[in-house]
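The chain contents come next:
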Amino acid sequence: MVLVLIYVLRSPLKLQETLATASVFLNTLTPKFYVALTGTSSLISGLILIFEWWYFRKYGTSFIEQVSVSHLRPLLGGVENSSSAGLFSSVNGDAEPRPSVSECKVWRNPLNLFRGSEYSRYTWVTGKEPLTYYDMNLSAQDHQTFFTCDTQQLKPEDAVMQKAWRERNPQARIKAAYQAIELNNECATAYVLLAEEEATTITEAERLFKQALRSAGKDTNVLVYIKRRLAMCARKLGRIKEAVKMMRDLMKEFPLLGMLNIHENLLEALLEMQAYADVQAVLAKYDDISLPKSATICYTSALLKARAVSDKFSPEAASRRGLSTAEMNAVEAIHRAVEFNPHVPKYLLEMKSLILPPEHILKRGDSEAVAYAFFHLQHWKRVEGALNLLHCTWEGTFRMIPYPLEKGHLFYPYPGCTETADRELLPSFHEVSVYPKKELPFFILFTAGLCSFTAMLAMLTHQFPELMGVFAKAFFSTLFAPLGFVMDKMESFMPSSFWHQLTRI
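Calculation rules
- Residues numbered from 1 in each chain as written.
- Predicted model: local features only at pLDDT ≥ 70, side-chain atom pairs only at ≥ 80, totals over all residues.
- Heavy atoms only, no water.
- Core = buried A, V, L, I, M, F, W, Y, C linked by side-chain atoms within 4.5 Å.
- Buried < 20%, exposed > 50% of the residue type's maximum accessible area, 1.4 Å probe, protein only.
- Contact = heavy atoms within 4.5 Å.
- Helix = DSSP H or I, 4+ residues; strand = E, 2+ residues; numbered from the N terminus.
- pLDDT = per-residue confidence, 0-100.
- Phe/Tyr/Trp six-rings, centres within 6.5 Å; stacked < 30°, edge-to-face > 60°.
- Lys NZ or Arg CZ within 6 Å of the ring centre and 35° of its normal.
- Axes fitted to C-alpha atoms, helices over the stretch in contact; angles between N-to-C directions.
- Parallel < 35°, antiparallel > 145°, perpendicular 65-115°, else oblique.
- Left-handed = near helix turned anticlockwise from the far one by under 90°.
- Nonpolar A, V, L, I, M, F, W, Y, C, P; charged D, E, K, R; others polar.
- Patch = residues over 30% accessible without salt bridge, like charges linked within 9 Å, V, L, I, M, F, W, Y side chains within 5 Å.
- Areas by Shrake-Rupley, 256 points an atom, 1.4 Å probe, with all protein chains shown as cover.
- Salt bridge = Lys/Arg side-chain N within 4 Å of Asp/Glu carboxyl O.
- Polar contact = N/O pair within 3.5 Å; in protein donor to acceptor, adjacent residues only side chain to side chain.
- UniProt positions renumbered as here; feature names shortened; annotations may be inferred.

Regarding the nonpolar core
Logical step 1: Judged by nonpolar contacts, the single largest core of 58 residues is most densely connected at Tyr299, Leu348, Trp380 and Leu390.
Logical step 2: Discounting residues that sit within four places of it in the chain, Trp380 has contacts with Tyr299, Ala302, Leu303, Leu348, Tyr372, Ala386, Leu387 and Leu390.
Logical step 3: Counting 32 residues, the second-largest nonpolar core is a separate cluster that includes Trp165, Ala180, Ala195 and Ile226.

Here's what the structure looks like:
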């Protein structure tokens, strides 16, 4: 219909004269014009490519595609994609009609470091901030919730501390803690804040936590928090047996606080002692199908099974004779762990550099992998052949998981919210691990091809102007040949008087 309309209106619009004028104008242009035209096109498309690539590496999506979906689709009558809202709500732990909602929730890192004596030292040395504002804001909310007293019995020092946790500036928080101590020398939460943020060594932090413990009274939340951190101080200072005893006593004294994952602290300390039988006993209690899993549970179970066979494992021998029962159990445990969190192996095999773990983690995400590998890499290295067995078998997991990931194999399908939350939890200088690997967006490939093609045309036109002129004329002649053929056929089939009367109408 468009072609017929153009043909009918060719006389009133003087299309033939316009085309002839354009043809004359194009023939008068010099090759320098075409060089400038193609060069400018290459430059613009190259700038678009650089921006698209940067945006994709930072946010995991194409800027052009995102703008198209967000703004153009509603104008064209399409339905807005609700996935972004779903991902955001899952990060905050809100209910979703998905079975994997618990795996999309941000959790407190049970082995999080001390800000003053560990995170701050990293900043002093490197000049980089290891914690994101989002992560620290979650910690402030945790402290406010965990240390909140009855509002009707809120003491002046408690009111000061509630405000202190909300302060963004570390010095303001420390100053508020001293104000609370001035109001009440027995303010336990003020000593907790000073131990976390002002103490520059673990020894100093331990001293302040002991002072907080003497002032804690009967507040269960404060007691649990302080005793756990004291156990972590003992672990970091090399008093491992003392740390294990403190953790066991804490778990016996407060058995209903399993959501704090104190058993993960205990597992790490027992592995440091090489008390593998005790590790197996803890796993027997917590590696249960009814309990939520973690990278620590799954990979520690795999490590124990790998330990039984890894010292004598040889991939060549295994390929000849097949896997023994013990080796099969170890491989299956590794596959199970990798399916739960596929980001961990690259850190354990040192294919990807480690950073300090965040204060919060996303189960099955890159943040959990960083936190696990940071503390457990040494335990894998200590078991002879364990990393070799992991290196030989971990990629086989992905042949067992259905693709695309509508359903999992041993666990729920891998959640799609992990990349969004991990980018909020991990510092910007860290390259977030993404699973499954995203293909490059169409617009990046398109702009890359356009940039390369126009740059090649500019170079060829500059080097061989006459040859490229002949080539351009031949190309456009071939391109418009079908249109000319159709026009000639229509002229032959339709009498000229008919078209004349139609144009008059």
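Additional details are given in the paragraphs that follow.
A closer look at helix α6 (residues 115–126)
Logical step 1: Taken residue by residue, α6 has Arg115, Gly116, Ser117, Glu118, Tyr119 and Thr123 as its buried positions.
Logical step 2: Once α6 finishes, Gly127 follows within two positions and takes phi at roughly 75°, a positive value.

Looking at the confidence of the model for the protein
The predicted coordinates of low-pLDDT regions are not to be read in fine detail.
Logical step 1: Mean pLDDT over the protein works out to 80, with 77% of the residues at or above the 70 mark.
Logical step 2: Confidence drops under a pLDDT of 50 for residues 78–103, and excluding neighbours within four residues, the segment shows 41 contacts in the predicted structure.

Some remarks on the packing of aromatic side chains
Logical step 1: Per the counting criterion, the structure on display carries 7 aromatic pairs.
Logical step 2: Taking 5.7 Å as the distance between ring centres and 40° as the angle between the ring planes, the aromatic pair formed by Phe147 and Trp165 counts as tilted. Remark: Trp165 occurs in helix α8 (residues 156–166) and Phe147 occurs in the loop between α7 (133–146) and α8; sequence separation between them is 18 residues. Here Phe147 matches Trp165 in class, with each residue buried.
Logical step 3: Ring pairs connect the aromatic residues Phe146, Phe147, Trp165 and Tyr225, which therefore count as one cluster.
Logical step 4: One residue, Lys128, lies across the ring of Phe429, its end atom 4.8 Å from the ring centre.
Logical step 5: One Lys or Arg, Arg168, reaches over the ring of Tyr133 and ends 3.9 Å from the middle of that ring.

Comments concerning the packing of helix α14 (residues 262–273) against helix α15 (residues 276–286)
Logical step 1: Contact geometry of α14 with α15 gives a least axis separation of 8 Å together with a crossing angle of 160°. Accordingly, the angle class assigned to the pair α14 and α15 is roughly antiparallel. Of the two possible hands of crossing, α14 and α15 adopt the one that is left-handed. Contact residues: α14 offers His263, Leu266, Leu267, Leu270 and Leu271, while α15 offers Tyr276, Asp278, Val279, Val282, Leu283 and Tyr286.
Logical step 2: Here the contact of α14 with α15 is built from residues that sort into 9 nonpolar, 1 polar and 1 charged.

A word on a nonpolar patch on the surface
Logical step 1: A grouping of Phe33, Tyr34 and Leu37 is seen on the molecular surface, where their side chains present a nonpolar patch of about 260 Å² in accessible area.
Logical step 2: The residue Phe33 is located in helix α3 (residues 31–59) in this model.
Logical step 3: Classification of Phe33 as partly exposed rests on a relative accessible area of 39%.

Things to note about the side chain of Glu197
Logical step 1: As for its placement among the helices and strands, Glu197 is situated in helix α10 (residues 188–197).
Logical step 2: Glu197 gets classed as buried once you look at its relative accessible area, which sits at 12%.
Logical step 3: Here Arg115 takes part through its side chain, which lies 3.3 Å from a polar atom of the side chain of Glu197.
Logical step 4: Among all residues touching Glu197, those that are not within four sequence positions of it are Arg115, Gly116, Pro170, Arg173 and Ile174.

So, the UniProt feature "transmembrane region" (unreviewed entry) in the protein
Logical step 1: According to UniProt, the feature "transmembrane region" (unreviewed entry) maps to residues 33–56, 440–461 and 467–487 in the numbering used here.
Logical step 2: Counting secondary structure, residues 33–56 comes out at 100% helix and 0% strand; the distance between its end C-alpha atoms is 34 Å.

Some words on the packing of α14 against helix α16 (residues 295–307)
Logical step 1: Look at α14 against α16: their axes get within 11 Å of each other, and the N-to-C directions meet at 25°. Taken together, the axis directions place α14 and α16 in an arrangement best described as roughly parallel. By crossing handedness, the relation of α14 to α16 is classed as left-handed. For the pair α14 and α16, the contacting residues are His263, Glu264, Leu267 and Leu271 in the first and Thr296, Ile297, Thr300 and Leu303 in the second.
Logical step 2: When the residues that make up the contact of α14 with α16 are grouped by side-chain class, the tally is 4 nonpolar, 3 polar and 1 charged.

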